[in-house]
Protein chains: 2
Amino acid sequence: MADATPPAPTPQETQEGPSKSELKKRAKQAEKDKKAAEKAAKQAELAQQQAATEGDFATDFYGKLPLHQSQSRSGKTRVAISSLSASRDGETVLLRARVHTSRAQGNKMVFLNLRQRTDSVQALLLVTPEKVSKQMVKWAAGISDESIVLVEGVVKKSPEPIKSASVQDVEVHISKLHLISGIEGRLPFSLEDASRADEEVASSEVQMNRVLLDTRLNNRVVDLRTQTNQAVFKLQSAIGDLFRGYLSSQGFIEIHSPKLQGAATESGASVFKVGYFKGNAFLAQSPQLAKQMCIAADFERVYEVGPVFRAEDSNTHRHLTEFMGLDLEMTIEEHYHEVMELLDSLFLSIFRGLKEKYSKEIEVVGKQFPADEFKWREGPEGTLKLSFREAVNLLVEDGVDRAVLDDINTENEKRLGRIVRAKYETDYFIIDKFPMELRPFYTMPDPEDPTLSNSYDFFMRGEEILSGAQRIHDAEFLCKQMKAKGVEPDSMKGYVDAFRMGCPPHGGGGIGLERVLMLFLKLNNIRRASLFPRDPKRLEP
Amino acid sequence: MADATPPAPTPQETQEGPSKSELKKRAKQAEKDKKAAEKAAKQAELAQQQAATEGDFATDFYGKLPLHQSQSRSGKTRVAISSLSASRDGETVLLRARVHTSRAQGNKMVFLNLRQRTDSVQALLLVTPEKVSKQMVKWAAGISDESIVLVEGVVKKSPEPIKSASVQDVEVHISKLHLISGIEGRLPFSLEDASRADEEVASSEVQMNRVLLDTRLNNRVVDLRTQTNQAVFKLQSAIGDLFRGYLSSQGFIEIHSPKLQGAATESGASVFKVGYFKGNAFLAQSPQLAKQMCIAADFERVYEVGPVFRAEDSNTHRHLTEFMGLDLEMTIEEHYHEVMELLDSLFLSIFRGLKEKYSKEIEVVGKQFPADEFKWREGPEGTLKLSFREAVNLLVEDGVDRAVLDDINTENEKRLGRIVRAKYETDYFIIDKFPMELRPFYTMPDPEDPTLSNSYDFFMRGEEILSGAQRIHDAEFLCKQMKAKGVEPDSMKGYVDAFRMGCPPHGGGGIGLERVLMLFLKLNNIRRASLFPRDPKRLEP
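Since this is a predicted model, take the numbers as computed values, not measurements.

How each quantity is defined
- Here the residue numbers are simple positions, counted from 1 along each chain's written sequence.
- To label them, take the chains in the order written and letter them from A, then take the ligands in the order written and number them from 1.
- In view of the model being predicted, local features appear only for residues whose pLDDT reaches at least 70, and side-chain atom pairs are presented and counted only at 80 or more, with totals across whole chains, interfaces and linings using the full set of residues.
- Hydrogens and waters are ignored; side-chain quantities use all the structure's heavy atoms.
- Elements are defined by DSSP. Helices are runs of H or I of four residues or more, strands are runs of E of two residues or more, and each kind is numbered from the N terminus.
- Think of it in three bands: with a 1.4 Å probe and only protein chains considered, a residue is buried below 20% of the maximum accessible area for its type, exposed above 50%, and partly exposed in between.
- Contacts: residue pairs with any heavy atoms within 4.5 Å of one another.
- Note on areas: Shrake-Rupley, 1.4 Å probe, and residue coverage restricted to the protein chains presented here.
- Throughout, buried area stands for the accessible area (probe radius 1.4 Å) lost by two parts on being put together, summed over both.
- Only one rule defines a salt bridge in this text: a Lys or Arg side-chain nitrogen within 4 Å of an Asp or Glu carboxyl oxygen.
- Contacts described as polar in this section are N or O atom pairs within 3.5 Å, which, within protein, must combine one atom able to donate a hydrogen with one able to accept it, while residues neighboring in sequence count only if both atoms come from side chains.
- For two strands to be treated as a pair, DSSP must find no fewer than two bridges joining them.
- Two aromatic rings from Phe, Tyr or Trp, using only the six-membered ring of Trp, form a pair when their centres are within 6.5 Å; if the ring planes differ by under 30 degrees the pair is stacked, by over 60 it is edge-to-face, and anything between is tilted.
- An automatic or database domain assignment supplies the residue ranges for each domain.
- In this classification, Asp, Glu, Lys and Arg are treated as charged, Ala, Val, Leu, Ile, Met, Phe, Trp, Tyr, Cys and Pro as nonpolar, and every other residue, Gly included, as polar.
- The fit set for superposing copies consists of C-alpha atoms from residues with pLDDT of at least 70 in both; the fit itself is least squares.
- Note on charges: Lys and Arg go in the positive column, Asp and Glu in the negative column, and His and the chain ends are not counted at all.
- Any two cysteine sulfur atoms within 2.5 Å of one another count as a disulfide.

**Student:** Teacher, can you tell me more about the overall build of chain A here?
**Tutor:** Looking only at helices and strands, chain A has 15 helices and 17 strands in total. For chain A, the residues scored as buried account for 59% of the 541 residues in total. Taking the contacts inside chain A whose residues are at least 6 apart along the sequence as the reference set, 68% of them involve residues at least 24 apart. Counting only carbon and sulfur atoms, one obtains 50% of the accessible surface of chain A, whose full area is about 22,100 Å².

In structure tokens, the structure reads:
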């Protein structure tokens, strides 16, 4: 394994601002490299010694296991660290875990902090006559952080709480220790460094060990192992579950619409072009057309969870070129507020679900990303709903020039968020009745004022997380509106035809999953809410 | 609306075989066209009469409603057809529905079959002094099939069961009838024609009204309205729910991996190329790499439901260029059979869930696509598991030349399915231990015989629906295997690096959602199991 190239850390200057102590950092890094090299050399030496005295690999008590190829099946139960507690005092357990940190004390004792996802326990290896040899302790001391080990040991009540572990009332006294998977080269950063809050980094000596966002994303697999990221992506999964669960209870079914489109839909710009055999295809920038066609096809209420693609060359904290859309579309009986109200109930159901079932994860993330708890309004007063006009007035009252408020730009959105929070004590609100000229051609105009539309945006902490509207379900009127916006109806024939065959009034909305996650937790950059984010400059890993 | 072009039906010769009576068909079609034109003319005339006598639109009792722009909100409850029954005899109800069929009897009575998804009820409009005018009945008689109407009427017990409707014990006596959305042009085919079973079509006069698959797909929005398709896509949604529900109960979380990749992954061939700003990207042909990287990132158990893209120019009954992958990956403690067994339990949970909760939908589909009920083995004997070698032996015993069985091709897969069903009475089985040379580079070889691998395929009715394996988690060994298969490790650096930073043994599998749906229901063509299918020749609608 010695010939393997270690992954190069690339601490580029990114959104997080330039590092002020690049030189110091490099010196520190060089020192780290040296230490890592020494550790690796030591490990190699130990492995040789071991091989010489005990054969090619693992003894019964310690050593590197042969490559796991499913050689046999003992059926022995392996335990979860989270299941360990004082009630299991004296029990011998077997577990697979990652070595979070290790610390040798003299040449007779090694402490290992063992980790499984967000759980950890302290384990202790101590020279014991006829049980644990000096050789074994020496070998154990050479195991790299982040290696994966198989441990057999006895659960022992701890006289005092072990603060460095999530399981605090017991430790594991190791009797057997085997390496399942080691580290080649060195880690791009330590998990300790990767887990620090920005505030902590800014205010202390550890500034030089700050792990920049680009470095994290270049080495995302290691970055994702932090407790924070384990919690972030558990919460991402939870939002999807809550979304589907609520809609399922309201009679929706899940659909899957194609991402490969024959024509550049919705608008000609910002669509990725795909080579498709001898011709071209385009990546859907939303399931808008397909989900409306499902309404024309009598599905009544549909949702989709799927990737959407935006070929916009903007490198902001809140844009990705590929993100997860949580989309829904439903028939309307009398009024598009039926849709808006259902979407509101959906969000409340998600917020409540997160707070009730995932408070532990929210708390974990809060340690690295401190934030005021996300606030929404419950009870009879309900969610704050402003018309676009009212929102503009709030901004004008706050000192913004009305002349620039034909649209509300990102900066003013955030300002509005602050105004609303101060005045209404909520981080979540709805703006209804957007001007028609700000919305796409398929948006239904207001019945009384054709300059307005039956459309709405939802906001969290002053940023848009949902856009939706009543859609035009009448083919003739749709064609008229398309032409007015410079779209040739024939270019979207399949879509327009759907409405010629009879279509009920309907509306819907599209939610950006990563935005909801980012804003609920105040992660400050959408890349942190995406497993392997994609932006104009990033297609890897 | 008269200037709108009706969608052209395109009865091309497709997978379903050439139509034998194309000329007859065209004659029939011309006649249909004539009738439709007459109906449209009649409708226009009526609308004019109405406008002349009663103003521009809707009276209180009948007529076309103005464009639904959410003008007002009465809060009046509209009912679901499925909620109607004899216990509501005498009740006045309001409902929105599609006109499935209409039939005038003389000039005093019109029968409407009203439909909502898979539910239908008979409604009756009868000239009644001071309530229902002759004019109203005449107008109603002109409403096209598939129009959407708003009906107010009284529920009346029916003296005898109404066989043409799903609600058989009542009918609705209409007092008010308004058109919400009409038809422009003519329907590409009637829903009645689109709902016929192949057998029925083959054996009767209606052959000439046979609706070919391509015609259906070109007019998918209308095609999707059949009871069969409403049930098919409810079942598709159900499979997703059952998949997630089971995995969630087993400690999995949902992930979303990017479909845009920086490099052509897994193999150079059959990947779609995307223009990505000034460079190129590629569409992921599976979440394989990302889900393995999640294992290296300590997620332990992950699944993904997402589109996968295959640029294979093959127009078979079972290939799509874009389909939904149900993927999972999990750590292994001792043996990859842990994964295989979990996948088996997952499938049993899906099959049982469908049978228990969706028997009505399965029955509906069975009317158009008659099939032997899907069979699997329950109880202590469990699912049939064959080794690749045993599967080959079964084929050889059945008369296949062993010399051609280095791989089992599609034809022999089906033959094996028939052998297995006859011998073991199951449509569902597993083949384990595929030869290494048939599997991708990341597959773990068998520990004892390096020509075999720790990999498996799952089959339904003799067709593969899942492929999976233990993966190589050791970077050094992975590089060796990559080189042996002609893949340059540096071309997939992010992936290989993930294993250098320590990775537990793991395995998983990928399921084709549309294949499971197609084979469970025996739909015979995968396009029927996809909402808007994509193949080398089809990117629309």
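Back to the write-up after that little detour.
**Student:** What exactly am I supposed to notice about the interface of chain A and chain B here?
**Tutor:** Listed as interface residues are 120 residues of chain A and, on the opposing side, 120 residues of chain B. With both sides pooled, the region where chain A packs onto chain B buries about 10,100 Å², and carbon together with sulfur makes up 55% of that total. Sorting the residues of chain A by area buried against chain B places A:H256, A:E334 and A:M501 first, and these three jointly supply 8% of that buried surface. Linking chain A with chain B are 16 salt bridges. Between A:E300 and B:R96 there is a salt bridge whose closest N-O contact spans 3.0 Å. On inspection of chain A and its partner chain B, the count reaches 72 residue pairs in polar contact (both at pLDDT 80 or more).

**Student:** I tried to follow the sheet that holds strand 17 (residues 506-512) of chain A on my own but got confused; where do I start?
**Tutor:** Pairing between the strands of a sheet comes from backbone hydrogen bonds, and it takes one of two forms, parallel or antiparallel. The strand order across the open sheet built from eight strands is 7-11-12-17-16-15-14-13 (chain A), with neighbouring strands paired in mixed fashion. Each end of this open sheet is capped by a strand with a single partner; those strands are strand 7 (253-254) and strand 13 (384-387) of chain A.

**Student:** I keep staring at the packing of aromatic side chains and nothing clicks. Help me out?
**Tutor:** Aromatic rings in a pair are described by how distant their centres are and how their planes are angled relative to each other. Residues and elements named next belong to chain B. Tallied over the full model, the rule gives 44 aromatic pairs over all chains. Taken together, a centroid distance of 5.0 Å and an interplanar angle of 85° make the contact between F351 and Y428 edge-to-face. Remark: Y428 occurs in strand 14 (residues 428-432) and F351 occurs in helix 9 (residues 337-357); sequence separation between them is 77 residues. When its relative accessible area of 0% is taken as the criterion, F351 is described as buried. You can call Y428 buried: its relative accessible area is 1%. Considering the side-chain rings of F429 and F459, the 5.2 Å spacing of their centres and the 10° angle between planes classify their relative orientation as stacked. Here F459 lies in strand 15 (residues 455-460) and F429 lies in strand 14, a separation of 30 residues in the sequence. Note on F459: relative accessible area 2%, which makes it buried.

**Student:** Is there a simple way to think about the domain arrangement of chain A in this case?
**Tutor:** Interfaces are frequently sized by the accessible area removed from exposure as the parts join. Residue and element names in this part refer to chain A. Split by domain assignment, chain A resolves into domain 1 (78-181), domain 2 (191-223) and domain 3 (227-529). The distance between the C-alpha centroids of domain 2 and domain 3 comes to 32 Å. With eleven residues of domain 2 at the interface, the matching set in domain 3 holds eight residues. Contact between domain 2 and domain 3 buries roughly 730 Å² in total, counting both sides, with carbon and sulfur atoms accounting for 45%. When the buried surface of domain 2 facing domain 3 is broken down by residue, A197, L213 and R220 rank first, second and third, together holding 50% of it. Joining domain 2 to domain 3, the criterion identifies four residue pairs in polar contact (both at pLDDT 80 or more). Those elements that provide at least two residues to the side of domain 2 that touches domain 3 are helix 4 (198-202), helix 5 (213-218) and helix 6 (220-223). Take the side of domain 2 that touches domain 3: its biggest share by element is three residues, from helix 5. For the side of domain 2 that touches domain 3, the residue count by class is four nonpolar, one polar and six charged.

**Student:** Please explain the pairing of strand 6 (residues 170-181) of chain A as it appears in this structure.
**Tutor:** Two faces make up the sheet, and in a regular strand the side chains alternate between them. All names here are of chain A. Most of strand 6 sits out of view: nine of its twelve residues are buried. Taken together, the three bridges between strand 1 (residues 62-64) and strand 6 define a ladder with parallel strand orientation. Note that in strand 6 the partner of G63 across the bridge is H178. As paired strands, strand 4 (residues 119-126) and strand 6 are joined by three bridges and run parallel to one another. Residue pairing in the sheet places Q122 in a bridge with E171 of strand 6. Sheet topology places strand 5 (residues 148-157) next to strand 6; ten bridges connect them, and they run antiparallel. Of the residues in strand 6, the one forming a bridge with V154 is H173.

**Student:** Looking at this model, I keep getting lost on the relation of the copies chain A and chain B. Mind explaining?
**Tutor:** Both copies of the chain are related through a single rotation about an axis accompanied by a shift along the same axis. Turning chain A through 180° and shifting it by 0.0 Å along the axis lays it on chain B, with an RMSD of 0.0 Å. Put plainly, the chains are arranged around a two-fold axis. No C-alpha of chain A approaches the rotation axis more nearly than that of A:V274, which lies at 2.2 Å. Taken together, the interface assignments show that 99% of the residues at the interface of chain A recur at the interface of chain B, consistent with an identical surface on both copies.

**Student:** So what exactly am I meant to see when it comes to the side chain of A:E322 here?
**Tutor:** Topologically, A:E322 is positioned in strand 12 (residues 322-331). Despite its burial, A:E322 pairs with no opposite charge, the nearest such side chain being A:R534 at 5.1 Å. Within the structure, the side chain of A:E322 is placed 2.6 Å from the backbone nitrogen of B:K259, a separation counted as a polar contact. Not counting chain neighbours up to four residues away, the residues in contact with A:E322 comprise A:P307, A:V308, A:F309, A:R534, B:S257, B:P258, B:K259 and B:L260.

**Student:** Help me understand the state of the cysteines, please; the structure alone is not making it clear to me.
**Tutor:** Covalent bonding between the sulfur atoms of two cysteines is what defines a disulfide. One pass over the full model with this rule turns up zero disulfides over all chains. Here A:C503 stays unpaired: no disulfide links it, and the sulfur of A:C294, its closest cysteine neighbor, is 11 Å away. For A:C503, a relative accessible area of 0% corresponds to the buried category. Here B:C479 is not disulfide-linked; the sulfur of B:C503 is the nearest cysteine sulfur, at 13 Å.

**Student:** Could you clarify how one ought to interpret unusual backbone geometry in this entry?
**Tutor:** Most of the time, phi is negative for any residue but glycine, and the peptide bond is trans. Residues and elements named next belong to chain A. A cis amide bond, omega -10°, links E540 with the succeeding residue P541. For P541, the location among the structural elements is in the segment after helix 15 (513-521). Residue E300 is not a glycine yet carries a positive backbone phi of 70°. When you line up the elements, E300 lands in the loop between helix 8 (288-296) and strand 11 (301-309).

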